[in-house]
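# Report on the structure
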Amino acid sequence: MHAGRRLQYIMEERKNLVGMTLSQLREVASEIGMPGFSAGQMAGWIYGRQVASIDLMSNISLKFRTALSERYEIVHAAPVDCVESVDGTKKYLFPVNGGRTVEAVFIPDGDRATLCISSQVGCKMGCVFCMTGRQKFAYSLTPGEILNQIISLPEKERLTNVVFMGMGEPLDNLRSVLSVVEVMTSSYGFGWSPHRITISTVGLRRELKQLVEGCDCHIAVSLHAPTPEKRIRLIPAEKAFSMTEMLEVLRHYDFSHQRRLSFEYTMFQGVNDSIDDARQLVRTLEGLSCRVNLIRFHAIPDSPLSPSSQDMMLAFRDWLTAHGVFATIRASRGEDVWAACGMLNTARKGMGETKDCE
């Protein structure tokens with residue numbers, strides 16, 4: 001093969017170092033013939049200083065940096081678009097493999113600043129009230145593409161919390177998600193407490209067990225109904241991932257201390273918002289140390305569903321709390337720029353007026 005073509009081939013096939021765990025970086029060091037301690041040095045540059053080029057790893061010899069650059073690279077992909085809500089929420093559009101994009105939402109709230117990140121382009125779960133579900137599944141993000149939403153965020157220094165509640169089902173991309181969590185919570189990475197991270201899921205049973213045992217992050221289960229019969233009308237994945245089996249898995253673990261288990265419950269008028277629904281929900285969650293987050297439905301085009309009234313949401317919350325289930329009503333943020341719960345969709349164009357971020 002001609003030397004020029006060979007170099008081009010190598011450059012095209014380079015792998016991203018961002019997203020690699022320390023053990024994976026040790027494998028890279030071994031492959032290149034670098035000393036074992038080089039893995040820690042690389043991690044320090046990638047996650048500590050978050051450099052954009054291997055050339056900047058000044059405590060690694062030029063010989064090894066050159067060898068690394070032939071096979072690996074550091075990819076930081078800045079957002080290609082940003083829109084800002086009247087409430088200060090910002091929705092960013094990040095590029096990923098194959099010319100695709102995902103959305104991430106930055107939510108400032110006083111001293112707290114939360115980033116809602118995506119794990120997939122589209123989603124397989126098909127929830128009838130979710131715009132991402134309408135987009136269908138296209139691609140699972142790599143660990144580097146997930147982490148890039150944090151590393152390339154303009155407000156990254158302000159972040160206090162990260163939630164995996166953006167596009168996609170995190171447990172359908174569990175290997176990547178757990179790699180990201182390891183990087184975020186390890187001393188070689190971001191050094192975050194796992195209690196600053198929340199992972200949302202519809203409840204894939206086998207993967208849920210792996211998640212609970214594999215990290216100490218908070219878990220938020222997308223429940224949205226008090227019974228399987230009602231849930232399957234809203235979440236078709238209920239047929240494959242039964243809430244009954246999912247709750248049985250969760251009952252085997254202790255969530256009574258710092259780690260939080262919550263259930264997401266979007267309220268729809270006349271569907272799941274009656275006091276009888278609240279009564280059934282209390283029975284369903286019996287024996288679990290948990291909270292319920294009540295979410296106002298954000299209307300999406302061509303949906304027969306309507307949001308519950310504020311009075312009904314308050315009555316539902318008060319009934320749950322009075323009967324031993326702590327419940328809150330989640331504040332709605334970013335609805336005017338299609339950044340609120342259930343509204344993320346990169347296949348959608350031109351829906352709603354937006355204000356460009358500065």
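Description of the structure in this document.

About the criteria used
- Residues numbered from 1 in each chain as written.
- Predicted model: local features only at pLDDT ≥ 70, side-chain atom pairs only at ≥ 80, totals over all residues.
- Heavy atoms only, no water.
- Helix = DSSP H or I, 4+ residues; strand = E, 2+ residues; numbered from the N terminus.
- Buried < 20%, exposed > 50% of the residue type's maximum accessible area, 1.4 Å probe, protein only.
- Lys, Arg positive; Asp, Glu negative; His and termini not counted.
- Salt bridge = Lys/Arg side-chain N within 4 Å of Asp/Glu carboxyl O.
- Polar contact = N/O pair within 3.5 Å; in protein donor to acceptor, adjacent residues only side chain to side chain.
- Axes fitted to C-alpha atoms, helices over the stretch in contact; angles between N-to-C directions.
- Parallel < 35°, antiparallel > 145°, perpendicular 65-115°, else oblique.
- Left-handed = near helix turned anticlockwise from the far one by under 90°.
- Contact = heavy atoms within 4.5 Å.
- Nonpolar A, V, L, I, M, F, W, Y, C, P; charged D, E, K, R; others polar.

Following the sequence through the fold, Asp 273 ends up in the loop between β12 (261–267) and α11 (275–284). Within the buried set, Asp 273 has no salt-bridge partner at all; the shortest N-O distance to an opposite charge, 7.2 Å, is to Lys 230. Engagement of the side chain of Asp 273 in a polar contact is seen with the backbone nitrogen of Gly 270, the distance being 3.1 Å.

Quick look at the packing of helix α2 (residues 22–32) against helix α4 (residues 62–71) now. At their nearest, the axes of α2 and α4 sit 10 Å apart, and the two run at 110° to each other. Here α2 is positioned roughly perpendicular relative to α4, judged by the angle of their axes. Like other packed secondary-structure pairs, α2 and α4 cross with a definite hand, here right-handed. Seen from α2, the contacting residues are Val 28, Glu 31 and Ile 32; seen from α4, they are Phe 64, Ala 67, Leu 68 and Arg 71. Looking at the contact of α2 with α4, its residues break down into five nonpolar, no polar and two charged.

Another aspect to go through is the side chain of His 218. On the secondary structure map, His 218 appears in strand β11 (residues 218–222). For His 218, a relative accessible area of 5% translates into the label buried. Within the structure, the side chain of His 218 is placed 3.1 Å from the backbone oxygen of His 195, a separation counted as a polar contact. With near-sequence residues (within four places) excluded, His 218 lies in contact with Pro 194, His 195, Ile 197, Thr 198, Ile 199, Gln 258, Arg 259 and Arg 260.

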